[in-house]
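Structural characterization, general
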Amino acid sequence: MNKKLAAALSGGAVLVLALSGCSDDEGDKVGDWAKTFCDQAKPQIQKRADAHLIIISTAADSKPAEIQAADSKAFQDIADADRALAKAVESAGVPPVENGQKIQQDAIKELNATAVAYEGLKKQVDALDPSNQQKFADGLQGVADGLTKIEKMDQNALAKLEDGELGQAMAKQPGCQKPTASTPPKTTGSASPQPGSTAADSDKGSDSEPTGNSSTKPAAKKTSGTKSE
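Attention here is on the structure that accompanies the text.

Observations concerning the state of the cysteines
Under the counting rule described, the total for this entry stands at one disulfide. A sulfur-sulfur distance of 2.1 Å marks the disulfide that ties C38 to C176. Judged by the torsion about the S-S bond (-95 degrees), the C38/C176 disulfide is left-handed. Here the residue C38 occupies a position in helix α2 (residues 28–57), and C176 occupies one in the loop between α6 (164–171) and α7 (199–206), the gap between them amounting to 138 residues. A single burial state applies to C38 and to C176, both of which are buried.

Observations regarding α6
Of all the residues in α6, the buried ones are L166, G167, A169, M170 and A171. Turning to α6, the residues buried within the fold contact α2.

Describing unusual backbone geometry
At N99, a residue that is not glycine, the phi angle is positive and equals roughly 60 degrees. Here N99 lies in the loop between α3 (64–92) and α4 (100–126).

Description of the packing of α3 against α4
Describing two packed helices takes the angle between their axes plus the distance from one axis to the other. For the pair α3 and α4, interaxial distance at closest approach is 8 Å and the crossing angle is 165 degrees. The pairing of α3 with α4 is recorded here as roughly antiparallel in orientation. In the packing of α3 onto α4, the handedness of the crossing is left-handed.

Thoughts on the nonpolar core
Formed by 24 residues in total, the largest nonpolar core has its most connected members in F37, V89, L161 and M170. Within the residue set of this core, elements represented by two or more residues are α2, α3, α4 and α6. For this core, the leading source of residues is α2, giving seven residues. Look past the residues within four positions of L161 in its chain and what remains in contact with it is W33, V89, P95, I103, A107, L166, G167 and M170.

A short note on the pattern of salt bridges
Taken as a whole, this structure holds nine salt bridges when the rule is applied. The residue D82 makes a salt bridge to R48 at a minimum N-O spacing of 2.7 Å. Linking D82 in helix α3 with R48 in helix α2, this pair joins segments that are 34 residues apart in sequence. Here D82 and R48 have matching classes, each one buried. Close ionic contact of D106 with K102 constitutes a salt bridge, the shortest N to O distance being 2.7 Å. One end of the pair is D106 and the other is K102, both in helix α4 and four residues apart, which spans about a single turn. A cluster of three or more residues bridged by salt bridges with shared partners is formed by R48, D82 and D154.

Cut-offs used in this document
Residues numbered from 1 in each chain as written. Predicted model: local features only at pLDDT ≥ 70, side-chain atom pairs only at ≥ 80, totals over all residues. Heavy atoms only, no water. Disulfide = S-S within 2.5 Å. Helix = DSSP H or I, 4+ residues; strand = E, 2+ residues; numbered from the N terminus. Buried < 20%, exposed > 50% of the residue type's maximum accessible area, 1.4 Å probe, protein only. Contact = heavy atoms within 4.5 Å. Axes fitted to C-alpha atoms, helices over the stretch in contact; angles between N-to-C directions. Parallel < 35°, antiparallel > 145°, perpendicular 65-115°, else oblique. Left-handed = near helix turned anticlockwise from the far one by under 90°. Core = buried A, V, L, I, M, F, W, Y, C linked by side-chain atoms within 4.5 Å. Salt bridge = Lys/Arg side-chain N within 4 Å of Asp/Glu carboxyl O.

Set out below in structure tokens:
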């Protein structure tokens, strides 16, 4: 049942983490800005990767209460990370590129809005009744639907920072590279990634459905002790 949330979250996992590769040498000012931001962003990127793995490693046959606790923590961690990323963008100053001030302001606004949205999902998950598996599955469907919408916000939050020379400069910084999720899988099953895999890789491997299908109803017919998928 939780694989639907993992699938919906997969797009958000590539936010910032997708920056990789090399580019032509950039001006010192742009490079300095990228280093300042990425150094601050690194622990938050790691926190997001770990939160994604919490959802993925909570297997489809986990008890509703376990899924509820895992998703609640993951959503709060992502909210905290996004809010911290907004502060990192602010403290790095105005990017030394065309329309830098607007790019900075938009990123801060969108990251903070995404943080609030994830906290809303946490409250929604916390309000579910894990003692009634049918109602819990139906409620989890609503969470997955909300996550699909928030995912789009999450992807757009730093999109402009990742464009052009600024994005190329960020791609050179170790702090903006894909981390290896440090949280080990807690359960076994098809939803669990292999140790050492990245959050983005785990998301892709955890479910064959594309992100757009995350609104598919979770396994409401699952009975206790049997796998739903």
